[in-house]
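Letter by letter, the chains look like this.
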Amino acid sequence: MRIILMGPPGVGKGTQAKKISTVYEIPQISTGDILREAIVNDTQLGRQAKQYMDAGRLVPDDLILDLMEDTLTGEKCKPGFILDGFPRTVPQAEGLDELLEKLNLTLDAVVVLEVEEDVIVNRLSNRRSCPECGAIYNLQTNPPEKDEQCDNCGTDLIQRSDDMPETIKNRLRVYREETEPVIQFYDRQNLVQVVAGEGSVSEVWKRVQLALSHK
Ligand code: AP5
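These lines cover the structure that appears in this document, whether it is placed above or below. Worth saying up front: this structure is predicted, and the values here are computed from it rather than measured.

What follows is about the nonpolar core. Among the nonpolar cores identified, the biggest contains 32 residues, and Leu 83 and Tyr 186 are the most heavily contacted of them. The set of elements that each furnish at least two residues to this core consists of strand S1 (2-6), helix H2 (31-40), helix H3 (44-54), helix H4 (61-72), strand S3 (81-84), helix H5 (90-103), strand S4 (109-114) and helix H7 (165-187). Leave out the neighbours within four places in its chain, and Leu 83 touches Ile 3, Ile 4, Leu 5, Ile 29, Met 68, Leu 72 and Leu 96. Counting residues in hydrophobic clusters, the runner-up holds 21 residues, among them Ile 3, Ala 109, Leu 172 and Ala 211.

Printed below as a string of structure tokens:
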């Protein structure tokens, strides 16, 4: 399966992508996670991306497309992939189409998660994540068992630097202006399945599975 998971910041892409990855046995490719790791490792890509991410802006298309060409042509993506956070602009979607054509591959589905903005702001303000294993928590809806420590590996949880109220507003504006047109791009290819992101993680997961079962 080759799937794209789209939706505004905080809608639950990472949470649902991890489930899809496990059940369909395909790697979760999150550009946000790759970029955050590059920042921690202080690579050239990380140094270039940091200023954009801290401001809630998009990292330039050429950097992202180079990164994704390397990733998608790698051995890891042979069984398929679930893309989480890419493509985010129409030029990125066009670049992905060109790359897939070169590799003689097609997409199976573009799942778009939707939720009201006030729910998003609440989810992001309460998000905590594990810098070690990538597990995602929510202090209100999915808290760790021990105060702010990862249930899987015991590491202290962190709050992402772009989950501050002003940056969240900026990310939502960028999503509306630059990423929503990508949904129309894939709608014209008849690939889009819209899924309501409200409700518990398991309720949303049932809807995601239903949407994917139509493919
Ligand atoms: P990225 O890391 O991709 O962030 P995002 O798209 O803004 O999405 P998030 O990771 O914030 O949220 P999510 O939808 O994954 O939600 P989650 O599952 O965590 O990108 C970060 C930055 O990197 C960008 O701003 C940009 O600068 C750069 N970047 C990345 N890709 C790029 C690209 N292609 N081009 C250019 N720049 C790029 O859930 C959120 C919270 O809600 C959690 O606490 C979770 O526990 C909780 N939750 C989830 N589902 C539910 C539910 N059903 N009920 C209750 N709580 C829930």
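Within this structure, the stated rule accounts for one aromatic pair. Here the aromatic rings of Phe 185 and Tyr 186 are separated by 5.1 Å at their centres, their planes lie at 90°, and the arrangement is edge-to-face. For the pair Phe 185 and Tyr 186, a shared accessibility class is recorded, and that class is buried.

Another point: helix H8 (residues 201-213). What sets the pattern is the α-helix's 3.6 residues per turn: residues three or four places apart point alike. An ideal rise of 1.5 Å per residue puts 18 Å on 13 residues; H8 measures up with 18 Å between its terminal C-alpha atoms. Looking at H8, one finds that the buried residues are Val 204, Trp 205, Val 208, Ala 211 and Leu 212. The buried residues of H8 occupy an angular sector of 120° when projected down its axis, which confines them to one face. Those residues of H8 that are exposed and aimed more than 90 degrees away from the buried face are Lys 206 and Leu 210. Buried residues along H8 sit in contact with S1, helix H1 (13-24), S4 and strand S7 (192-196).

For the rest of this paragraph, the subject is the site of the ligand. Lining the immediate surroundings of the ligand are 35 residues, of which Thr 15, Arg 57, Arg 88, Arg 127 and Arg 171 lie closest. Contact distances for the ligand include 2.8 Å between a nitrogen atom and a side-chain N or O atom of Thr 31. Contact with the protein chains removes 97% of the 1,000 Å² of surface that the ligand exposes when unbound. Put simply, the parts of the chain that give the shell around the ligand at least two residues each are H1, H2, helix H6 (117-125), strand S6 (136-138) and H8. Here the shell around the ligand gets four residues from one element, more than from any other, and that element is H2.

Here we take up the sheet that holds S4. Pairing within the open sheet is parallel, and its five strands lie in the order S2-S3-S1-S4-S7. The two strands at the open ends of the sheet, each matched to only one other strand, are strand S2 (28-30) and S7. Each neighbouring strand pair of the sheet contributes to a mean axis angle of 20°, computed without reference to strand direction. In this structure, S4 lies alongside S7, joined through five bridges in parallel fashion. Counterpart to Glu 114 in the pairing with S7 is Ala 196. Against the sheet, H2 touches S2 and S3, its axis set at about 60° to S2.

Contact pair H4 / H5: the axes reach a minimum separation of 10 Å and the direction vectors enclose 25°. Overall, the two elements H4 and H5 adopt an arrangement that is roughly parallel. Crossing of H4 against H5: the hand is right-handed. Residues Asp 61, Ile 64, Leu 65, Met 68, Glu 69 and Leu 72 of H4 form the contact with H5, whose own contacting residues are Pro 91, Gln 92, Gly 95, Leu 96, Leu 99, Lys 102 and Leu 103. The class makeup of the residues in the contact of H4 with H5 is eight nonpolar, two polar and three charged.

Turning our attention to unusual backbone geometry. Of note, the bond from Phe 86 into Pro 87 is cis; its omega dihedral lies within 30 degrees of zero at 0°. Note that Pro 87 resides in the loop between S3 and H5. Although it is not a glycine, Asn 104 sits at a positive phi angle of roughly 65°. In this fold, Asn 104 is placed in the loop between H5 and S4. For Asn 104, a relative accessible area of 72% corresponds to the exposed category.

What follows covers H5. Here H5 is 14 residues long and its end C-alpha atoms lie 20 Å apart, about the 20 Å a rise of 1.5 Å per residue gives. Listing the buried residues of H5 in full gives Gln 92, Ala 93, Gly 95, Leu 96, Leu 99 and Leu 100. One face of H5 carries all of its buried residues, which in axial projection span an arc of 160°. Opposite its buried face, H5 presents the exposed residues Glu 98, Glu 101 and Lys 102, each directed more than 90 degrees away. In this structure, the buried residues of H5 make contact with S1, H4, S3 and H7.

Analysis parameters
Chains are numbered independently. Their residues run from 1 in the order of the written sequence. The predicted nature of this model means local features are confined to residues of pLDDT at least 70 and side-chain atom pairs, given and counted, to a pLDDT of 80 or more, with totals for whole chains, interfaces and linings taken over all residues. Based on all heavy atoms of the structure, the side-chain values leave hydrogens and waters out of the count. Working definition of a nonpolar core: buried Ala, Val, Leu, Ile, Met, Phe, Trp, Tyr and Cys residues. They are joined through side-chain atoms within 4.5 Å. Relative accessibility decides the category of a residue: with a 1.4 Å probe and only protein chains considered, values under 20% of the type maximum give buried, values over 50% give exposed, and everything between is partly exposed. Secondary structure elements follow DSSP: runs of H or I no shorter than four residues count as helices, runs of E no shorter than two count as strands, and numbering proceeds from the N terminus. We call two residues contacting when some pair of their heavy atoms lies within 4.5 Å. Side-chain rings of Phe, Tyr and Trp (the six-membered ring for Trp) are treated as a pair once their centres are within 6.5 Å; stacked means planes under 30 degrees apart, edge-to-face means over 60, and tilted covers the remaining angles. Each residue after the first adds 1.5 Å to the expected span of a helix. Arc definition: it is the arc formed by the directions from the helix axis to the C-beta atoms. Throughout, near means a residue has at least one heavy atom within 4 Å of the molecule or strand. Pairs of N or O atoms within 3.5 Å make up the polar contacts considered here, provided that, within protein, one atom can donate a hydrogen while the other can accept it, and that residues adjacent in sequence are counted only when both atoms are side-chain atoms. For accessible areas, the Shrake-Rupley method is used with a probe of radius 1.4 Å. Any residue's cover is judged against the shown protein chains and nothing else. Each pair of strands is called paired provided DSSP finds at least two bridges between the two strands. Helix axes use the C-alpha atoms of the stretch in contact, all axes being lines fitted to C-alpha atoms, and the angles between their N-to-C directions lie in the range 0 to 180 degrees. For classification purposes, angles smaller than 35 degrees are called roughly parallel, those larger than 145 roughly antiparallel, those between 65 and 115 roughly perpendicular, and all remaining angles oblique. The sense of a crossing depends on the near helix, which, turned anticlockwise from the far helix by less than a right angle, makes the crossing left-handed and, turned clockwise, makes it right-handed. The residue classification treats Ala, Val, Leu, Ile, Met, Phe, Trp, Tyr, Cys and Pro as nonpolar and Asp, Glu, Lys and Arg as charged. All others, Gly included, are polar.

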